[in-house]
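Chain by chain, the residues:
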Amino acid sequence: MMRYNYLIVGSGLYGATFAYRAKQAGKKVLVIDKRPQFGGNVYCENIEGINVHKYGAHIFHTNNRDVWNFVNSIVEFNRYINCPVANYKGELYNLPFNMNTFYQMWGVTTPKEAQSKIDEQKAEAVAALDGREPQNLEEQALTLVGKDIFEKLIKEYTEKQWGRNCKELPSFIIKRLPVRMMFDNNYFNDKYQGIPVGGYNKLIEGLLEGIDCKTGVDFFHSEYQNWRKYADRLVYTGALDEYFDYKLGKLDWRTVSFKTRVEDIPNYQGNAVVNYPSHNKPYTRIIEHKHFEMFGKEVYDCPKTVVSEEYSTEYEEGMEPYYPVNDDRNNALAEEYRKLAEKEEDVIFGGRLGLYKYFDMAPVIEQVLKLSII
Ligand code: FAD
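Source: prediction; values computed, not measured. (Residues numbered from 1 in each chain as written. Predicted model: local features only at pLDDT ≥ 70, side-chain atom pairs only at ≥ 80, totals over all residues. Heavy atoms only, no water.)

### Notes on the site of the ligand
Then comes step 1: In the neighbourhood of the ligand, 30 residues make up the surrounding shell, with D33, H58, I59, F359 and M361 lying closest.
Then comes step 2: A distance of 3.2 Å separates a nitrogen atom of the ligand from a polar atom in the side chain of D360.
Then comes step 3: Relative to its free-state accessible area of 1,000 Å², the ligand is covered by the protein chains to the extent of 96%.
Then comes step 4: At the level of secondary structure, the elements contributing two or more residues to the shell around the ligand comprise α1 (13-24), α11 (351-355) and α12 (361-370).
Then comes step 5: The class makeup of the residues in the shell around the ligand is 16 nonpolar, eight polar and six charged. (Near = heavy atom within 4 Å. Polar contact = N/O pair within 3.5 Å; in protein donor to acceptor, adjacent residues only side chain to side chain. Areas by Shrake-Rupley, 256 points an atom, 1.4 Å probe, with all protein chains shown as cover. Helix = DSSP H or I, 4+ residues; strand = E, 2+ residues; numbered from the N terminus. Nonpolar A, V, L, I, M, F, W, Y, C, P; charged D, E, K, R; others polar.)

Right, here's the structure in full:
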């Protein structure tokens, strides 16, 4: 029986990056994943020659040069820049809120005109409060960006996301609403951005190359539960509460569901991400996957396209756990579990499930790069 230095539970970006680094450090590693494929949430399914982001659209972005150099040493990244568009009842607006949005909203052409329009609408909202602090999300958002942007681009989108009226949502959900007085549709402020050439699976394959891996193996229902028999250390990127058999209670999650279909045309919406911020459509966004990796003529060289509608969905047992719930109960419970995790000898807890924290991809990689692997 082969004995490993590390058994890694989960082949998402945390597990795969750890495996790569451990191999570089001369360690013997086994990676197991309960899913039928590797890659965790960045896994893409190829449909009609298009990489479909099965677990939600993923755009890599970072300010960290080391992380950017690291991922580019595994696979080249393309020039994709995320520039979402909002379709409000057939009216199109660029996001994030910038000079293009303000031109589309009001016909203003200079930052000065845009700022005075926003200031005028904010002042109306503040006057309506009559000295009170904003009591709910609606009042808060109105004081930050004014009525037009709120009503067309925030109100119903937020209501679809949370399943509640903006007047019933707490004001703290929206602390800031940045407005950009530039013609700049780039959603992220980070210096580096892109999608791996050939898709995220190439990144995962590069990280796991030459490493022993097994799919379809659930840690808790396999011989590896008794992991000390097989390895000196365990890297665990599964759910934190499951590791402790839910002994303090279950942590809650939020989820999203997707309806994916093939369209028999080369170009459905002309952009990877189109938001639908009104109640007249039940979904919040439509993702057209080919635009993450195909540009210009390439879009038309591929005769079909794949689109996914995204729906905000209440989490139920058995669904994909996507986002940790940031409320007092869950924060406190997760903290208790994290304290237990610290006491586990020879076990490293990592990643979004293992720490019960939302991380973008780059911070997950950064965490692993900072570890000294012994
Ligand atoms: P995961 O990718 O979830 O991997 C964990 C793996 O562990 C899974 O493969 C799972 O099957 C396996 N596993 C769990 N339990 C067991 C078990 N008992 N036995 C065996 N295997 C097990 N980040 C960005 O930077 N940009 C984006 O645009 C972006 N979009 C996102 C969209 C959505 C909908 C979501 C949910 C996240 C998004 N993220 C994005 C964040 C990104 O997905 C995470 O940073 C990344 O997936 C974290 O990797 P991970 O290894 O921690 O977890």
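### Details of the packing of helix α5 (residues 137-145) against helix α6 (residues 147-162)
Then comes step 1: Viewed as axis vectors pointing N to C, α5 and α6 meet at an angle of 145 degrees, and their least axial separation amounts to 9 Å. Here α5 runs over α6; the crossing is right-handed. Here α5 contributes L137, E138, A141, L142 and V145 to the contact with α6, which in turn contributes K147, I149, F150, I154, K155 and T158. (Axes fitted to C-alpha atoms, helices over the stretch in contact; angles between N-to-C directions. Left-handed = near helix turned anticlockwise from the far one by under 90°. Contact = heavy atoms within 4.5 Å.)

### Considerations on helix α4 (residues 111-129)
Then comes step 1: Along its 19 residues, α4 runs 27 Å from first to last C-alpha, staying within 8% of the 27 Å computed at 1.5 Å per residue.
Then comes step 2: When we look at burial in α4, the residues that qualify are A114, I118, Q121, A125 and L129. In a view along the axis of α4, the buried residues occupy a sector of 105 degrees, so they form one face of it. Opposite the buried face of α4, at more than 90 degrees from it, the exposed residues are K112 and A127.
Then comes step 3: Lining the buried residues of α4 we find α3 (99-106), α5 and α6.
Then comes step 4: D130 sits one or two residues past α4 and shows a positive phi near 55 degrees. (Expected span 1.5 Å × (residues − 1). Buried < 20%, exposed > 50% of the residue type's maximum accessible area, 1.4 Å probe, protein only. Arc of directions from axis to C-beta.)

### Let's talk about the domain arrangement of the protein chain
Then comes step 1: Domains assigned within the protein chain are domain 1 (4-80 + 192-252 + 324-370) and domain 2 (96-174).
Then comes step 2: Between the C-alpha centres of domain 1 and domain 2 the distance comes to 38 Å. (Domains from an automatic or database assignment.)

### What about α3?
Then comes step 1: Among the eight residues in α3, six count as buried, and that is most of the element.
Then comes step 2: All buried positions along α3 are accounted for by M99, N100, T101, F102, M105 and W106.
Then comes step 3: Taking the backbone nitrogen of N100 as reference, a side-chain oxygen 2.9 Å away marks N98 as the first, capping residue of α3.
Then comes step 4: One or two positions beyond α3, positive phi appears at G107, with a value near 80 degrees.

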